[in-house]
Amino acid sequence: AFSCESFDDGRSFLRADYSVECYTDVHGFAKSLAWLGIALYPFGISALYMGLLWCARHAITANKPSALSKALGFLVRDFEPQYLWWELVEAWKKLLLVGFAVLVSPGSIVQLVSAFVISLVSGLFIAIAQPFKDDGDDYFAKGCSFALTSLFFFSVILKFGVLTDEVDDVLTERSRDRFGFNAALVSIGMVLSIVGALAL
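Note that the structure is predicted; figures quoted are calculated from it, not measured.

Analysis parameters
- Residues numbered from 1 in each chain as written.
- Predicted model: local features only at pLDDT ≥ 70, side-chain atom pairs only at ≥ 80, totals over all residues.
- Heavy atoms only, no water.
- Helix = DSSP H or I, 4+ residues; strand = E, 2+ residues; numbered from the N terminus.
- Rg over C-alpha atoms; globule rule 2.2 N^0.38 Å.
- Buried < 20%, exposed > 50% of the residue type's maximum accessible area, 1.4 Å probe, protein only.
- Contact = heavy atoms within 4.5 Å.
- Areas by Shrake-Rupley, 256 points an atom, 1.4 Å probe, with all protein chains shown as cover.
- Lys, Arg positive; Asp, Glu negative; His and termini not counted.
- Charge placed at Lys NZ, Arg CZ, Asp CG, Glu CD.
- Patch = residues over 30% accessible without salt bridge, like charges linked within 9 Å, V, L, I, M, F, W, Y side chains within 5 Å.
- Salt bridge = Lys/Arg side-chain N within 4 Å of Asp/Glu carboxyl O.
- Polar contact = N/O pair within 3.5 Å; in protein donor to acceptor, adjacent residues only side chain to side chain.
- Core = buried A, V, L, I, M, F, W, Y, C linked by side-chain atoms within 4.5 Å.
- pLDDT = per-residue confidence, 0-100.

## A word on the overall build of the protein
- Scanning the protein from terminus to terminus reveals 8 helices and 3 strands.
- Rg of the C-alpha trace for the protein: 22 Å, well past the compact-globule value of 16 Å for 200 residues, more than 25% over.
- Expressed as lengths along the three principal axes of its C-alpha atoms, the size of the protein is roughly 70 × 50 × 20 Å.
- The proportion of buried residues among the 200 residues of the protein is 28%.
- Of all intrachain contacts in the protein linking residues separated by at least 6 positions in sequence, the fraction that spans at least 24 positions is 51%.
- When the accessible surface of the protein is totalled, it reaches about 12,900 Å², and 66% of it is carbon and sulfur.
- With 15 positive and 20 negative side-chain charges, the protein shows a spacing of 10 Å between the two charge centroids.

## Some points on a nonpolar patch on the surface
- Together, Val104, Ile109, Val110, Val113, Val117, Val121, Leu124, Phe125 and Ile128 make up a nonpolar patch on the protein surface, roughly 740 Å² of accessible area in all.
- The residue Val110 is located in helix α5 (residues 109–129) in this model.
- We classify Val110 as partly exposed; its relative accessible area is 44%.

## Digging into the pattern of salt bridges
- All chains considered together, the criterion is met by 3 salt bridges.
- Across the salt bridge formed by Arg15 and Glu5, the nearest N and O atoms sit 3.6 Å from each other. On the criterion of sequence distance, the pair formed by Arg15 in the loop between β2 (12–14) and β3 (17–21) and Glu5 in strand β1 (residues 4–6) is long-range, its members being 10 residues apart.
- Notably, a salt bridge pairs Glu21 with Arg11, separated by 2.9 Å at the nearest N-O pair. A residue pair is termed long-range when its members are at least 10 positions apart, and Glu21 in strand β3 and Arg11 in the loop between β1 and β2 qualify at 10 residues.

## A short note on the side chain of Ser69
- Inspection of the secondary structure puts Ser69 in helix α2 (residues 67–71).
- On the basis of relative accessible area, Ser69 is assigned to the buried category, the value being 9%.
- Among the polar contacts listed, one links the side chain of Ser69 to the backbone nitrogen of Ser66, at a separation of 2.7 Å.
- Sequence-distant contacts of Ser69, that is, excluding residues within four places in its chain, are made with Ala56, Ala59 and Ile60.

## Brief notes about the nonpolar core
- Core analysis: the biggest nonpolar cluster contains 8 residues, these being Leu53, Ala56, Ile60, Leu72, Leu75, Val76, Leu84 and Leu88.
- Only α1 (25–61) and α3 (73–76) provide two or more residues apiece to this core.
- Setting aside its immediate chain neighbours within four residues, Leu84 contacts Leu53, Arg57, Ile60, Thr61 and Val76.
- Grouped together as the second largest cluster of nonpolar side chains are 7 residues, Phe79, Tyr83, Ile126 and Ala129 included.

## Description of the confidence of the model for the protein
- Summary statistics for the protein give a mean pLDDT of 88 and a share of 100% for residues scoring 70 or more.
- Put simply, helix α7 (residues 173–179) is where the protein has its lowest mean pLDDT, 77, and α2 is where it has its highest, 93.

Here it is in structure tokens:
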């Protein structure tokens with residue numbers, strides 16, 4: 001509802017549905033529905049979970065199950081008691097990466113760098129906290145976090161390669177040698193780093 005694509009004739013259309021022209025009444029209605037969805041889903045459910053976890057925190061941390069703490073088991077059973085809120089952190093990370101990051105300069109290097117930084121900070125939190133009860137889950141979370149960070153890092157490099165290709169006709173031979181690279185090798189490096197992290 002928020003991502004519009006502009007065309008040479010000065011008009012812009014919704015990327016999700018090109019039959020909707022941006023900044024019209026139809027687009028305004030779509031944005032209103034989107035804001036309602038944002039209020040209900042990410043903020044509303046997060047607030048509900050925070051309230052429920054707050055009420056059940058003593059039962060969870062003291063390992064004295066109550067009806068509420070048992071009902072919230074799907075949110076907390078995999079985590080150490082002191083990290084009972086970690087599922088909310090994971091939900092917000094996903095929301096930032098696939099929800100709000102879409103709104104940050106779509107298709108730009110800024111969008112990729114923003115996702116890279118979010119992923120990097122998330123990986124640091126996972127490495128420090130090690131929130132899972134099972135060590136294997138902690139290792140897997142670290143591997144997945146590294147793989148995601150690696151994906152965004154190599155995506156930034158590939159985006160840089162697209163820019164280099166676009167301006168290739170004005171580059172000197174020396175600049176072409178310094179800034180050019182083989183995209184296939186970078187892609188192979190990306191795949192190997194992700195698979196290697198998960199294997200490790």
